[in-house]
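Chain residues, written in single-letter form:
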Amino acid sequence: MRAAGDTLGFVATMGALHEGHVSLVRLAKQNTTRCIASLFVNPKQFAAHEDLSAYPRDEAGDVAKLEAAGCDLVFAPKPNEMYADDFATAISVGGVSNDLEGLSRPHFFGGVATVVAKLFLQVQPDMAVFGEKDYQQLLVIRKLVRDMAFPITIIPGPTIREMDGLAMSSRNAYLSAPERATASAMPRALRTAISALEHRAPIKATLARVEADLTQAGFARVDYVALREAETLAPVAGDTLTGAARILAAALIGRTRLIDNMAVG
Ligand code: PAF
């Protein structure tokens, strides 16, 4: 493709593809002449107690969706092709990794940074698209690319939502019908908070309200509800909103952990 003068866009995925992934492929195709996608359920980003073996897998269905979206090539390595038995390297991005998801899932961003760095070197794209759904991951990858001077432009892809506002996620497949109904409380609570914050409501009380709304709706546990600087995820100073920020939340319904985030201000 390179020899033919093509520019290469890349979308890294763990498969179980939905409209959100498809939108990332379309975005890649708008910016480059070819799109390459990877399908790899990365064991390094799952802790022992997490859902690695249960993670939904449908390679044939995924390849069909990618092809229909205009993807030109799929890279679907086997675990031992990525991680030989004596694989011994780990990439750790400090700073933005250490908070929020990093506190709830300490292994996660190291596993993501390690696999994404390797995928970047294998694919050598000009541009890569990462979804804003995993907002902190997007910032970690931006930091990785800047710190290590990967010659790759990172483009954010907007979150794609179901009709009731729930952010699309492969893990939504785990939800039972009543849990799925509960899940829509997450985007609703975030939207209510955004409107309050933009009307100068106190930050602390507004975030506490989101947490209470989620618990009331039937979420089993709230890991965090936070308002952060959009570019750095540093805590927002002051009692009320003064500039652009990001609201982020993570909570469990039954055994399924959902995350979401939205722009504020
Ligand atoms: O966002 C994901 O699906 C994964 O974390 C990624 C970026 C494909 C790395 O395994």
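Starting afresh in each chain, residues are numbered from 1 along the sequence in its written order. Owing to the predicted nature of the model, reporting of local features is limited to residues with pLDDT of at least 70; listing and counting of side-chain atom pairs is limited to 80 or more, with chain, interface and lining totals taken over all residues. To obtain the side-chain values, all non-hydrogen atoms of the structure were included, while hydrogens and water were left out.

(A) The pattern of salt bridges, seen in detail. The term salt bridge refers to a side-chain nitrogen of Lys or Arg lying within 4 Å of a carboxyl oxygen of Asp or Glu. Counted according to the given criterion, the structure contains 16 salt bridges. A salt bridge links Lys29 to Asp72; the nearest nitrogen and oxygen atoms lie 2.8 Å apart. Highlighted residues: Lys29 in helix α1 (residues 19–31) and Asp72 in the loop between α2 (59–68) and β3 (73–75), separated in sequence by 43 residues. With a closest N to O distance of 2.8 Å, Asp223 and Arg257 form a salt bridge. Numbering of helices and strands runs from the N terminus, with a helix taken as a DSSP run of H or I at least four residues long and a strand as a DSSP run of E at least two residues long.

(B) Region of the structure containing the sheet that holds strand β6 (residues 221–229). The rule for pairing is simple: two strands pair if DSSP sees at least two bridges between them. Taken in spatial order, the three strands line up as β6-β7-β8 in an open sheet, and their pairing is antiparallel. Of all strands in the sheet, those with a lone pairing partner are β6 and β8 (256–264), marking the two edges. Sheet twist, expressed as the average angle between the axes of neighbouring strands with direction ignored, equals 10°. Most of the contacts of helix α8 (residues 185–198) go to β8, to which it runs at about 25°, and overall it touches β6, β7 (245–253) and β8. Throughout, an axis means a line fitted to C-alpha atoms (over the contacting stretch in the case of helices), and angles, computed between N-to-C directions, take values from 0 to 180 degrees. In what follows, a contact means two residues having at least one pair of non-hydrogen atoms within 4.5 Å.

(C) Structural context of the site of the ligand. As a matter of local geometry, the ligand sits amid Ala12, Thr13, Met14, Asn42, Gln45, Val112, Val115, Phe130, Asp134 and Gln137. For the ligand, an oxygen atom lies 2.6 Å from a polar atom in the side chain of Gln45. Within the contact set of the ligand, an oxygen atom lies 2.7 Å away from a side-chain nitrogen or oxygen of Gln137. Going through the elements one at a time, β1 (8–13) and α5 (108–123) are the ones with two or more residues in the shell around the ligand. Split by residue class, the shell around the ligand holds five nonpolar, four polar and one charged. For each residue, the test is whether any non-hydrogen atom lies within 4 Å of the molecule or strand; if one does, the residue is near. Any pair of N or O atoms that falls within 3.5 Å is considered a polar contact. Within protein, one atom must be able to donate a hydrogen and the other to accept it, and sequence-neighbouring residues count only if both atoms are side-chain atoms. Polarity classes work like this: nonpolar for Ala, Val, Leu, Ile, Met, Phe, Trp, Tyr, Cys and Pro, charged for Asp, Glu, Lys and Arg, and polar for all others, with Gly in that last group.

(D) Focus on the nonpolar core. Joining through side-chain atoms within 4.5 Å is the link that ties buried Ala, Val, Leu, Ile, Met, Phe, Trp, Tyr and Cys residues into a set, and such a set is a nonpolar core. Only protein chains enter the accessibility calculation, which uses a 1.4 Å probe; a residue whose area is less than 20% of its type maximum is buried, one above 50% is exposed, and one in between is partly exposed. The biggest cluster of nonpolar side chains holds 38 residues, and the ones touching the most others in it are Val116, Phe120, Phe130, Ile141 and Ile154. Counting only elements with at least two residues in this core, the list comes to β1, α5, β4 (127–131), α6 (135–148), β6 and β7. Ranked by the residues each element gives to this core, the list is headed by α5, at ten residues. Beyond its immediate stretch of four places on either side in the chain, Phe130 contacts Ala12, Leu24, Val116, Phe120, Gln137, Leu138, Ile141, Ile154, Ile155, Pro156 and Gly157. Judged by nonpolar contacts, the second largest core, of 28 residues, contains Leu166, Val222, Val225 and Val236.

(E) View of α1. Across its 13 residues, α1 extends 19 Å between first and last C-alpha, which sits within 8% of the 18 Å expected from 1.5 Å per residue. Those residues of α1 lying buried are Gly20, His21, Val22, Ser23, Leu24, Val25, Leu27 and Ala28. In this structure, the buried side of α1 is in contact with β1, β2 (34–39), α2, β4 and β5 (153–157). Given the number of residues in a helix, its expected span is that number minus one, multiplied by 1.5 Å.

(F) Looking closely at the environment of Gly9. With respect to the helices and strands, Gly9 occurs in strand β1. With 63 residues separating them along the chain, Gly9 and Asp72 place their C-alpha atoms 9.9 Å apart. Once you skip the residues sitting within four places of it in the chain, Gly9 turns out to touch Ala28, Thr32, Arg34, Cys35, Ile36, Pro125 and Met127.

(G) Structural context of α6. The end-to-end C-alpha distance of α6, which contains 14 residues, comes to 20 Å, matching closely the 20 Å that a straight helix rising 1.5 Å per residue would cover. On its buried side, α6 packs onto α4 (101–104), α5, β4, β5, β7 and β8.

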